[in-house]
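# Overview (structure and organization)
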Amino acid sequence: MTTYVWDYAAEYEDERDDILDAVDQVFRSGRLVLGDSVRGFEEEFAAYHGVAHGVGVDNGTNAIKLGLQALGVGPGDEVITVSNTAAPTVVAIHGTGATPVFVDIRRDDFLMDTDQLAAAITPRTRCLLPVHLYGQCVDMAPVERLAAQHGLTILEDCAQSHGARHHGRLAGSMGNAAAFSFYPTKVLGAYGDGGATITSDPEVEENLRRLRYYGMKDRYYVTRMPGHNSRLDEVQAEILRRKLGRLDQYIAGRRAVAERYAEGLGDTDLVLPRLAEGNDHVYYVYVARHPRRDDILERLKAYGIELNISYPWPVHTQAGFADLGYAQGSLPVTEELAGEIFSLPMYPSLTPERQDKVISAVREVLRTL
Ligand SMILES: *Cc1c(COP(=O)(O)O)cnc(C)c1O
């Protein structure tokens, strides 16, 4: 049996009755699109974050895109983010017609280097987009200070950080708006695609509701501008409602797995995740670092362990983003890291026995490298 970085089979067996009951509830409700389950999930998800409004959308990419548009971002604007992220962060910015601008990351925790933000701000900058990557938050004080100084908005990309805290504040409660993905692998995952954008600004909320519904405020009438069809599905919303009640339990499970890695691999020459100041970590992925990463991954295959890399190609080096004009070498820490990082299996239902097999295989590979 191959071990992968992520697997939901055991979790499904545990939760099967509840998940199937959620599906049945929706099918019997007579309301398959934008009904009670979406509305209920939006309210409960916003409340979890202490934020006034939540708007369910079809995926995390559109949660970012509609979030930016709801904040007024469009063609001619610049949005500052990082290149060490899932490409969808940048695809979403591109989708608004705005231009993504990248700063490098910090060498120790791989998060946005906020010291570089000030120099990246131009008269066209409209929004700062910190990505709370791998499961912990960007240092928000400098982001908030610069946004206030320059009259910019903040959109948090929380696709990897459901439930993470930064100096006590929850990821998603710090910006003007925050975007979440419920892609199945995420810390709060649906059984298919899903996303949400949360905000305490009623005008942003209203914009979001229009934008996900063709641009209509009331039925059949497009008001300010054409939008999208980006609704969260009722079935996924009902499943997410059930799973939201278990989010803290999922996070505790991930932390237990992380603790076991720290115990089992802490004395090797792998560089293990480092917690940034003021953070707790929800370990969406458990990213380790080693200069001989490629050899390690290759040799682990013989042990039935197939790992992956988040992410092997920094966004600015991908051909599809060549127009942005970032040369190789322009974001040195991001580029260096991409060649050395890999992700160890991480999901709440990973059993200690299975994890111990991974740990001993990794130790064996490192010993014979
Ligand atoms: C997963 C992810 C997204 C995109 O979410 P989808 O639901 O797959 O569209 C965006 N940003 C980050 C950082 C992600 O990890």
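Note that this is a predicted model, so its numbers are computed, not measured. (Residues numbered from 1 in each chain as written. Predicted model: local features only at pLDDT ≥ 70, side-chain atom pairs only at ≥ 80, totals over all residues. Heavy atoms only, no water.)

This model, assessed by the stated rule, comprises 12 aromatic pairs. Ring centres 4.8 Å apart and planes at 85° place the aromatic pair Phe45 and Phe180 in the edge-to-face group. Residue Phe45 is found in helix α2 (residues 36-49), and its partner Phe180 is found in strand β9 (residues 177-181); the two are separated by 135 residues along the sequence. With a relative accessible area of 2%, Phe45 lands in the buried category. Phe180 sits in the buried class, given a relative accessible area of 0%. Here the aromatic rings of Tyr213 and Tyr214 are separated by 5.3 Å at their centres, their planes lie at 45°, and the arrangement is tilted. (Phe/Tyr/Trp six-rings, centres within 6.5 Å; stacked < 30°, edge-to-face > 60°. Helix = DSSP H or I, 4+ residues; strand = E, 2+ residues; numbered from the N terminus. Buried < 20%, exposed > 50% of the residue type's maximum accessible area, 1.4 Å probe, protein only.)

Time to look at the site of the ligand. Around the ligand lies a shell of 15 residues, among which Gly60, Thr61, Gln160, Ser181 and Lys186 are the nearest. One nitrogen or oxygen atom from the side chain of Thr61 is found 2.5 Å from an oxygen atom belonging to the ligand. Here a nitrogen atom of the ligand and a side-chain polar atom of Thr89 are 3.3 Å apart. Notes on the ligand: free accessible area 380 Å², of which the protein chains cover 90%. Mapping the ligand onto the cavity grids shows that it belongs to the largest pocket. (Near = heavy atom within 4 Å. Polar contact = N/O pair within 3.5 Å; in protein donor to acceptor, adjacent residues only side chain to side chain. Areas by Shrake-Rupley, 256 points an atom, 1.4 Å probe, with all protein chains shown as cover. 1 Å grid on protein atoms, 1.4 Å probe; cavity = no way out; pocket = protein on both sides within 12 Å on 5 of 7 lines; lining within 4 Å. Sits in = over half its atoms within 2 Å of the grid points.)

Let us look at a nonpolar patch on the surface. Judged by side-chain polarity, Phe27, Leu32 and Val33 come together as a nonpolar surface patch covering roughly 300 Å² of accessible area. Note that Leu32 resides in the loop between α1 (9-29) and α2. (Patch = residues over 30% accessible without salt bridge, like charges linked within 9 Å, V, L, I, M, F, W, Y side chains within 5 Å. Salt bridge = Lys/Arg side-chain N within 4 Å of Asp/Glu carboxyl O.)

On to the domain arrangement of the protein. How big an interface is tends to be stated in terms of the accessible area lost upon association of its parts. Here the domain parsing of the protein yields domain 1 (10-244) and domain 2 (247-368). Here the C-alpha centroids of domain 1 and domain 2 sit 24 Å apart. Contacts between the two partners involve 42 residues from domain 1 and, on the opposite side, 37 residues from domain 2. Both faces combined, the contact of domain 1 with domain 2 buries some 3,600 Å², and carbon together with sulfur accounts for 56% of it. As a salt-bridge pair, Asp108 and Arg274 come within 3.2 Å of each other at their nearest N and O atoms. Across the domain 1-domain 2 interface, the total number found is 24 residue pairs in polar contact (both at pLDDT 80 or more). Broken down by secondary-structure element, the contributors of at least two residues to the side of domain 1 that touches domain 2 are α1, α4 (87-95), β4 (99-103), β7 (165-166) and α8 (234-244). It is β4 that contributes the most residues to the side of domain 1 that touches domain 2, five residues altogether. The residue inventory of the side of domain 1 that touches domain 2, partitioned by class, reads 19 nonpolar, 13 polar and 10 charged. (Domains from an automatic or database assignment. Contact = heavy atoms within 4.5 Å. Buried area = accessible area lost by both parts, 1.4 Å probe. Nonpolar A, V, L, I, M, F, W, Y, C, P; charged D, E, K, R; others polar.)

Glancing now at unusual backbone geometry. In the segment running from Ser310 into Tyr311, the intervening peptide bond is cis, with an omega of 15°. With respect to the helices and strands, Tyr311 occurs in the loop between β14 (305-306) and α11 (332-338). The residue Tyr214 is not glycine, and still its phi comes out positive at about 65°. Considering the arrangement of structural elements, one finds Tyr214 in the loop between α7 (202-211) and β11 (216-218). Despite not being glycine, Tyr283 shows a phi value in the positive range, around 50°. Here Tyr283 lies in the loop between α9 (247-265) and β13 (286-289). By relative accessible area, Tyr283 is classed as buried at 15%.

So, about the pattern of salt bridges. Note on pairing: side chains with opposite charge can pair once their charged atoms come close. Scanning the model with the defined rule gives 27 salt bridges in all. A salt bridge links Arg28 to Asp24; the nearest nitrogen and oxygen atoms lie 3.4 Å apart. Within this pair, Arg28 and its partner Asp24 are both found in helix α1, separated by four residues, close to a single helical turn. Judged by relative accessible area, Arg28 falls into the exposed class, the value being 71%. Among the charged side chains, a salt-bridge network with shared partners connects Glu15, Asp18, Asp21, Glu44, Glu238, Arg241, Arg242 and Arg246.

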